[in-house]
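Observations on the model geometry
Chain by chain, the residues run as shown.
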Amino acid sequence: MKALRQIPPVNDVLRAQELAEFRNILAQPFVAGILDDVFSEMRSELAESKAGAPRTELTSRIAREVANRLQETLQPSLRRVINASGVVLHTNLGRAPLPEGAIEHLREVSTGYSNLEFDVAQGKRGKRDSHVSRSLELLLGCEAAIVVNNNAAAVFLVLNTLGEGGEVIASRGEQVEIGESFRIPDILVRSGARVREVGSTNRTRIKDYEKAIGENTRLLLRVHPSNFRMTGFTERPSLEELVELGRRRNIPVFEDIGSGCVARLESLAVPGEPVAGDSISAGVDIVTFSGDKLMGGPQTGIIAGKKLYVEKMRKNPLFRALRVDKLTIAILEYVLRAYLRGELDEIPTWKMLRASEGELRSRAEAFARRVGPAANPIALKSLAGGGAAPEAFFPSWGVALNIPGLSEAELERRLRGSNPPVIARVEEGRVVFDFRTIFVREEDELLQILRTIAG
């Protein structure tokens, strides 16, 4: 009890020098909660130890802890990290890094007013997606396109608009689940449509779709399996077969291609990844895909295809709830125009994917020389990530780290605790940096972080 009597009044703590920089916010309600927590912890500590301390010392200790927690609370939680994992579209690390030019465009149009929904030429109200729809039409060769806040929303909007109250025919082998428990069958149910599964898990033929068509059929659905692959004794109708059936029976064909590839990956020895423009050319009525995966833009869901169907989705009241804001439109507009200009290296995702093995080896070897004996250059394999090209590995180079006195687990932990955090990978008992996902501008920073950790 004697020790507890030394706990200072709250006002003494608030007047402490340690809280001087926070003086203007100390009356905020959230500060009272922090004070209560710190005082409670101090009482528990003193009660358990039964050892007292001078009141002035306790005042400083409490004030310092409150200051630390205020500093932590006021610092942004979302922060930059260095991605040394070699996974280009790392879902946990924000997927596609954005072009610097896009950020400049964003800054220009967002720090003042913009013509978001104003037609300057006509002097009247315009449509916000007009800033990107024309570029999408030119890039994909489609009649119309709209944008919503992610691909899950795009799939939902299509199914709700065109399938509600009716049946959507889909292959049993395409009823997949991707990240965050996003399941195609669940989305179908929530959209108000009923799924009519056809075929078997591993084999579905075009006649299975045709036999299932009835008076309530609203859509023929084809789903890209994303990061799931089925091999062996399998069969799947071609896109051309599905389109022909849809036209013959007057039923729209809807394809979700997921990863959003709008340029060809064959040059990177990654065949088989669907390209949005190819689906449009094949006659698919509606295509949906993500904007922040292989397209290399902001988080969006793109809906493209026949104007008749796109306009129906635009008129769906849900479209307003799912639409994107001016910040997203500004970035997406820049990315789309980079594609139209043929400047793929303006898009960080594509620059990383196209980096040559020789270029990465040179960087890794030069970095290892700067680090010294603690780093050895090694050949690695990178991944596209984001559910794209899951079976494709990109030859890469990096460094394996070995700092005396530190286990790989401890080194990995310290790298995550650095400023900025470094997200490496542990492979064969070694912490490695894969240079495919490390920007050149980050190398000096990485070197300093390693020197600090090594002491």
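Just so you know, these numbers come straight off a predicted model, no measurement behind them. Positions within a chain are numbered from 1, following the residues in the order the chain's sequence is written. Only residues with pLDDT of 70 or above have their local features reported here, since the model is predicted, and side-chain atom pairs are shown and tallied only from 80 upward, although totals for entire chains, interfaces and linings are computed over all residues. The basis for every side-chain value is the complete set of heavy atoms in the structure, and neither hydrogens nor water enter the calculation.

Take the layout of surface pockets next. Unfilled space is identified by rolling a water-sized probe across the atoms. Quantified by volume, the largest pocket comes out at close to 1,100 Å³. Elements with a minimum of two residues in the lining of the largest pocket: strand E1 (82–83), helix H4 (100–110), helix H13 (326–340), helix H14 (348–354) and helix H15 (357–371). Numbering of helices and strands starts at the N terminus; helices are DSSP runs of H or I of at least 4 residues and strands are runs of E of at least 2. No other element matches H14, which puts 4 residues into the lining of the largest pocket. Polar here means any residue outside two lists: the nonpolar Ala, Val, Leu, Ile, Met, Phe, Trp, Tyr, Cys and Pro, and the charged Asp, Glu, Lys and Arg; Gly therefore counts as polar. Of the residues in the lining of the largest pocket, the class split is 21 nonpolar, 9 polar and 14 charged. Think of a 1 Å grid over the protein atoms and nothing else: a 1.4 Å probe that fits but is trapped marks a cavity, an open set flanked by protein within 12 Å on at least five of seven lines marks a pocket, and residues with an atom within 4 Å of a point count as lining. Grid points are joined across faces, edges and corners, and a volume is the space filled by probe spheres set on the points.

On to the environment of Phe30. Topologically, Phe30 is positioned in helix H2 (residues 29–49). Considered as a pair, Phe30 and Leu70 are 40 residues apart in the sequence and their alpha carbons are 9.5 Å apart. By definition, residues are in contact when any of their heavy atoms lie within 4.5 Å. Phe30 has contacts with Ile25, Leu70, Thr73 and Leu74, leaving out every residue within four places of it along the chain.

This brings us to the pattern of salt bridges. Any Lys or Arg side-chain nitrogen located within 4 Å of an Asp or Glu carboxyl oxygen qualifies as a salt bridge. Taken as a whole and assessed by the stated rule, the structure comprises 34 salt bridges. Across the pair Arg69 and Glu65 runs a salt bridge, and its minimum N-O distance is 2.7 Å. A residue pair is termed a helical-turn pair when its members lie 3 or 4 positions apart in one helix, as Arg69 and Glu65 do in helix H3 (residues 55–74) at 4 residues. Partly exposed describes any residue whose relative accessible area lies between the buried limit of under 20% and the exposed limit of over 50%, with all areas from a 1.4 Å probe on protein chains only and scaled to the type maximum. Residue Glu65 is classed as partly exposed on the basis of its relative accessible area, which comes to 29%. Among the ionic pairs, Arg337 bridges to Glu333, the shortest N-O distance being 3.5 Å.

Before going further, it helps to spend a moment on the pairing of strand E15 (residues 394–401). Among the 8 residues in E15, 7 count as buried, and that is most of the element. For two strands to pair, DSSP has to find at least two bridges joining them. With 8 bridges joining them, strand E14 (residues 375–385) and E15 adopt antiparallel strand pairing. Bridge pairing in E15 places Ala375 opposite Leu401. In this structure, E15 lies alongside strand E18 (residues 430–434), joined through 4 bridges in antiparallel fashion. Looking across to E18, one finds that Val399 is bridged to Phe433.

For the bond running from Asn419 to Pro420, omega is 0°, close enough to zero to count as cis. Relative to the helices and strands, Pro420 resides in the loop between helix H16 (408–416) and strand E16 (422–423). Positive phi values are uncommon outside glycine, yet Asn250 reaches one of about 60°. Mapped onto the secondary structure, Asn250 falls in the loop between helix H9 (239–249) and strand E11 (253–258).

Quick look at the packing of aromatic side chains now. The rule is short: rings of Phe, Tyr and Trp, with Trp giving its six-membered ring, pair when the centres are within 6.5 Å, and they are stacked under 30 degrees, edge-to-face over 60, tilted in between. Summed over the entire model, instances satisfying the criterion amount to 1 aromatic pair. Over the aromatic face of Tyr334 sits the side chain of Arg341, whose NZ or CZ is 5.6 Å from the ring centroid. Counting as a charge over the ring demands two things of the Lys NZ or Arg CZ atom: a distance within 6 Å of the ring centre and an angle within 35 degrees of the ring normal. Its guanidinium or amino end placed over the ring of Phe439, Arg441 lies 4.2 Å from that ring's centre, counting from NZ or CZ.

A low pLDDT means the predicted coordinates there should not be read in detail. On average, residues of the chain score 90 in pLDDT, and 93% of them reach the 70 mark or higher. pLDDT is a residue-level measure of predictor confidence that goes from 0 to 100. Within the chain, the lowest mean pLDDT, 64, falls on strand E7 (residues 177–178), and the highest, 98, falls on E1.

Ordered in space as E5-E13-E12-E11-E10-E6-E9, the 7 strands form an open sheet in which the pairing is mixed. Two strands lie at the open edges of the sheet, namely strand E5 (144–148) and strand E9 (194–198), each paired on one side alone. Pairs of neighbouring strands in the sheet enclose a mean axial angle of 25°, with direction left out of account. Two strands pair when backbone bridges link them, and strand E6 (residues 167–171) and E9 are joined in this way by 5 bridges, in the parallel orientation. Its bridge partner being in E9, Ala170 is matched across the sheet by Glu197. Along the sheet, H9 contacts strand E10 (217–223) and E11; its crossing angle with E10, the most-contacted strand, is approximately 175°. An axis is simply a line fitted to the C-alpha atoms; with a helix, the fit covers only the stretch in contact. Between two such axes, the angle follows the N-to-C directions and lies from 0 to 180 degrees. The strands touched by helix H11 (residues 307–315) within the sheet are E5, strand E12 (286–290) and strand E13 (301–305), with E5 carrying the most contacts at an inclination of about 30°.

This next bit is on the packing of H16 against helix H17 (residues 443–454). At a minimum axis separation of 11 Å, H16 and H17 run at an interaxial angle of 125°. As far as their axial angle goes, H17 and H16 are oblique. By crossing handedness, the relation of H16 to H17 is classed as right-handed. Contact with H16, carried on its side by Leu411, Arg414 and Leu415, involves Ile449, Leu450 and Ile453 of H17 and no other residues of that element. Grouping the constituent residues of the contact of H16 with H17 by class yields 5 nonpolar, no polar and 1 charged. Roughly parallel means an angle under 35 degrees; roughly antiparallel, over 145; roughly perpendicular, 65 to 115; everything else is oblique. Left-handed describes a crossing in which the near helix is turned anticlockwise from the far one by less than a right angle; the clockwise case is right-handed.

Structurally, the position occupied by Ala384 is in strand E14. Residue classification places Ala384 among the buried positions, given a relative accessible area of 2%. Linking Ala384 and Lys211, residues 173 residues apart in sequence, is a C-alpha distance of 38 Å. Excluding its chain neighbours within four sequence positions, the residues that come into contact with Ala384 are Val87, Val88, Leu89, Leu353 and Phe394.

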